[in-house]
Amino acid sequence: MRSVWVLVIVLILLAGLGPMLAPYDPTAINIPKRLSPPSVEFLLGTDALGRDILSRLLYGARWSLGLAFLISVISLVIGTTIGLAAALGGKIADWVMMRTTDTFLAFPELVAAIVIAGLMGAGTWSLIFALSVTGWMRYARVTRGIGLSVQSRGYVLQARLAGLRGWSIARWHYLPSLIPSLTVVWTGMFARAILGISALGFLGFGVQPPNPEWGSMLLDARVHLRSTPLQMIWPGLAVVICVLAINLTGDALRDALAKRDTYE
Amino acid sequence: MIKTFGGLVMRAIVVLFGTAILTFALLWNAPGDPAQAIAMARFDALLTEEVIDQVREEVGLNRSFWQAFGDWLGPLLRLDLGYSAVTGRPVWPDLRTAIGYTFPLAFVALAIGLVSSVPLAILATKRPGGFIDRFAVGIASLGNAIPAYWLGLILILIFAVKLAWLPALGASTPAHAILPALTLGLGVAASLTRIIRSGILEARGQPFLPAIRRRGVAERSVGRDHIAPHAAIPVVTVFGLELAFLLEGLVLVEVIFGRPGLGTFLVQAILARDFSHVQAVVVLTALVFVIVNLIIDLIYRVIDPRIGENDA
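Keep in mind the model is a prediction, meaning the values are calculated, not measured. (Residues numbered from 1 in each chain as written. Chains lettered and ligands numbered in written order. Predicted model: local features only at pLDDT ≥ 70, side-chain atom pairs only at ≥ 80, totals over all residues.)

Chemist: Would you mind going over the overall build of chain B with me for this structure?
Modeler: Per the secondary structure count, chain B includes 12 helices and zero strands. Listing the helices and strands of chain B from first to last along the sequence gives α-α-α-α-α-α-α-α-α-α-α-α. Dimensions of chain B along its principal axes, counting C-alpha atoms only, are 85 × 60 × 30 Å. Among the 312 residues that make up chain B, the fraction classed as buried is 36%. Sequence separation of at least 24 residues holds for 71% of the intrachain contacts in chain B that already meet a minimum separation of 6. (Helix = DSSP H or I, 4+ residues; strand = E, 2+ residues; numbered from the N terminus. Buried ≥ 20, exposed ≤ 12 C-beta atoms within 10 Å, placed from the backbone. Contact = placed C-beta atoms within 7 Å.)

Structure below.
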């Protein structure tokens, strides 16, 4: 498991220090050197406009990982709020909130995100909106489930009798039991967001050129599949490594959590 | 049971109504002037204000939200998908053609997923932690992390470009479906392997098994009649998620392989701002989804009677 943590730290460092490590400007066009194979000058080769692929990958980490982080946090906030409102707000609120959640769940997340981002017009803001608005439902369900089970515990009843209400009960008595499970859901959604961002980028509905986002790099590379196939390998590999690292971290967290719950 | 059934159906209807409002609100609020886009698609460069206004009047874009929603929902309830404002052709025949390309592909992909994941998971759990188990878990983790479009491009690179064994673009022969079906099937197999494996392991640890064994039930029957049904429950639960995963993959895979299915239909409709096409796909997807989830909920309650009536 230690190797996964090392991998995660390396990835965070690469994304954070990317601009310092990148040998070239990721948007610098260099037509004479277009579609170069990997060499000492360009470690991973260049794309159709002669831009250094390694530099674009390193800068792209900020787009992919940074946006995925932002999106997973926005949907975490939406989902937790709706889940808590359902658990705490009484029967009618619960019904309304849960049917709303079911309604949003009735569309496959990525398909809905494609439609929303596509109709809103391609760009980073519609990407963030589309993926956040289609990504909060799992948080809401988990929050409500745990909220309902916490509700019957003695300390919550005592807090109610002591005169605490609504949001302060949520803050002091629900949140501590929610955090472990929500962290596990969050790692899963973080990984999904990375996949979603690159999928939308690949369809041309996401981050727009010349910004180096991994999905849109794949879209550029696809045309040159025959002549320079390696160009297509790198951005996909970056997505796979990041998603794998996050998923494995999530699995480790979940196992640790299950172990703790058994021993309690 | 009948009460539960009624409650579930009622809930599905509420959710369907919600999806209709959501879909319509999305189309209604989409930025840009759809009248202009439609006029552009029809008449190319010959755009004047009068032409745009005429289109606006004709397509009915100058109404209030709820009025327009009512006008929109009415025909939909009569299963009338209307005409495409861009092509001027009825929506249903074009949609049906697209479904004709998508459905067999989805079916084959699901079959590939099941046929490869069930034996792999059973083999893996013969010796948990052993070589095959670690191999299966590794493949499954990797499969969950590989985006469908990238896997598709790699398969094209290997089997169509380098080896030239299979065609990559289009959908003219059944051979054209092999690479897209493999791309999708491998993704399905990866997530199913994980779920079936942990389902079997969980079932193995159930306290009723030693009791059954002590009664002298043959080991084969223990596996078939007691472990298998138990391990099937999580598979049924995640079937809805699998279907979502499959549909998401389909959109991307069809675009990569140039197959004229539902995904391509949807993406082209979005690019052309063909709202009647977009809404047809969205409404159809939601309908299929809500019905599948309803069926799953019912099956779930039949095979696992422990689920109470109030469980979400």
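Chemist: Honestly, the overall build of chain A in this entry has me stumped. Any pointers?
Modeler: Looking only at helices and strands, one finds 10 helices and zero strands in chain A. Seen along its three principal axes, the alpha-carbon backbone of chain A occupies a region of about 75 × 45 × 25 Å. In chain A, once contacts between residues fewer than 6 apart in sequence are set aside, the share between residues at least 24 apart is 68%.

Chemist: In this structure, what is going on with the interface of chain A and chain B? I would like to understand it.
Modeler: On the side of chain B, 36 residues touch chain A, which itself brings 36 residues to the contact. For the side of chain A that touches chain B, the secondary structure elements donating two or more residues are helix 3 (91-105), helix 4 (109-120), helix 8 (166-203), helix 9 (214-222) and helix 10 (230-263) of chain A. Residue contributions to the side of chain A that touches chain B peak at nine residues, all from helix 4 of chain A. Within the side of chain A that touches chain B, the residues separate by chemical class into 24 nonpolar, seven polar and five charged. (Nonpolar A, V, L, I, M, F, W, Y, C, P; charged D, E, K, R; others polar.)

Chemist: When you look at the packing of helix 10 (residues 219-257) of chain B against helix 11 (residues 262-272) of chain B in this model, what are you seeing that I'm missing?
Modeler: Helix packing geometry: the angle between the two helix axes and the distance between the axes. Residues and elements named next belong to chain B. Two elements in contact, helix 10 and helix 11, have axes separated by 7 Å at closest approach and are oriented at 85°. Between helix 10 and helix 11, the crossing angle belongs to the class labelled roughly perpendicular. Across from Leu 250, Val 251, Leu 252, Glu 254 and Val 255 in helix 10, the residues of helix 11 making contact are Leu 262, Gly 263, Thr 264, Leu 266 and Val 267. Looking at the contact of helix 10 with helix 11, its residues break down into seven nonpolar, two polar and one charged. (Axes fitted to C-alpha atoms, helices over the stretch in contact; angles between N-to-C directions. Parallel < 35°, antiparallel > 145°, perpendicular 65-115°, else oblique.)

Chemist: Explanation requested: the nonpolar core in the structure shown.
Modeler: Across soluble globular proteins, nonpolar side chains have a tendency to be buried as a group. Membership of the largest hydrophobic core comes to 144 residues, with the highest contact counts inside it found for A:Ile114, A:Ile194 and B:Leu246. With 19 residues, the single largest contributor to this core is helix 8 of chain A. Sequence-distant contacts of B:Leu246, that is, excluding residues within four places in its chain, are made with B:Ala106, B:Ala109, B:Leu110, B:Leu184 and B:Val188. (Core = buried A, V, L, I, M, F, W, Y, C linked by C-beta atoms within 7 Å.)

Chemist: Where do I start with the confidence of the model for chain A in this structure?
Modeler: The predicted structure's coordinates, where accompanied by low pLDDT, should not be read in detail. Overall, the predicted model of chain A reaches an average pLDDT of 82, with 96% of residues at or above 70. When the elements of chain A are averaged for pLDDT, helix 7 (residues 154-161) of chain A gives the smallest value, 77, and helix 5 (residues 124-133) of chain A the largest, 90. (pLDDT = per-residue confidence, 0-100.)

Chemist: Explain helix 2 (residues 53-88) of chain A here, please?
Modeler: Since there are 3.6 residues in each turn of an α-helix, residues three or four apart along the chain are aligned in direction. The end-to-end C-alpha distance of helix 2 of chain A, which contains 36 residues, comes to 51 Å, matching closely the 52 Å that a straight helix rising 1.5 Å per residue would cover. Where helix 2 of chain A bends most, the angle comes to about 30°, and this point is A:Gly60. (Expected span 1.5 Å × (residues − 1). Bend = angle between axes of the 7 residues up to and from the residue.)

Chemist: Please explain helix 3 of chain A as it appears in this structure.
Modeler: Over its 15 residues, helix 3 of chain A runs 21 Å from end to end, which matches the ideal 21 Å to within 8%, given 1.5 Å per residue. Among all positions in helix 3 of chain A, only A:Met97, A:Thr101, A:Asp102, A:Thr103, A:Phe104 and A:Leu105 are buried.

Chemist: So what exactly am I meant to see when it comes to the environment of B:Thr193 here?
Modeler: Residues and elements named next belong to chain B. Looking at the secondary structure, you find Thr 193 in helix 8 (residues 178-204). Given 25 C-beta atoms within a 10 Å radius, Thr 193 is considered buried. Taking the C-alpha atoms as reference points, Thr 193 and Leu 120, 73 residues apart in sequence, are found 6.9 Å from one another. The contacts of Thr 193, once residues within four sequence positions are left out, are Ser 117, Leu 120, Ala 121, Ala 136 and Ala 140.

Chemist: So what exactly am I meant to see when it comes to the confidence of the model for chain B here?
Modeler: Mean pLDDT for chain B: 81, with 90% of residues reaching 70 or above. Here the predicted complex scores 0.84 on pTM and 0.81 on ipTM.

Chemist: Explain the environment of A:Val4 here, please?
Modeler: Residue and element names in this part refer to chain A. You can see Val 4 is positioned in helix 1 (residues 2-21). Considered as a pair, Val 4 and Met 189 are 185 residues apart in the sequence and their alpha carbons are 18 Å apart. Setting aside chain neighbours within four positions, we find Val 4 in contact with Ala 245, Leu 248, Thr 249 and Ala 252.

Chemist: Would you mind showing me how to read unusual backbone geometry here?
Modeler: Backbone geometry follows two general trends: most residues other than glycine have a negative phi, and most peptide bonds adopt the trans configuration. With a phi angle near 55°, B:Arg273 is a residue other than glycine that sits in the positive phi range. Within the secondary structure layout, B:Arg273 lies in the loop between helix 11 and helix 12 (275-303).

Chemist: I tried to follow the environment of A:Ala117 on my own but got confused; where do I start?
Modeler: All names here are of chain A. Note on placement: Ala 117 falls in helix 4. Sequence-wise, Ala 117 and Gly 204 are 87 residues apart; in three dimensions their C-alpha atoms are separated by 10.0 Å. With sequence-adjacent residues up to four places away left out, Ala 117 is seen in contact with Ala 122, Ser 126, Leu 127, Ala 130, Leu 200, Phe 205 and Gly 206.

Chemist: Could you clarify how one ought to interpret the packing of helix 1 of chain A against helix 2 of chain A in this entry?
Modeler: Residues and elements named next belong to chain A. Between helix 1 and helix 2, whose axes approach to 7 Å, the crossing angle comes to 145°. The interaxial crossing formed by helix 1 with helix 2 has left-handed handedness. Residues Leu 14, Ala 15, Gly 18, Pro 19 and Leu 21 of helix 1 form the contact with helix 2, whose participating residues are Leu 58, Tyr 59, Ala 61, Arg 62 and Leu 65. (Left-handed = near helix turned anticlockwise from the far one by under 90°.)

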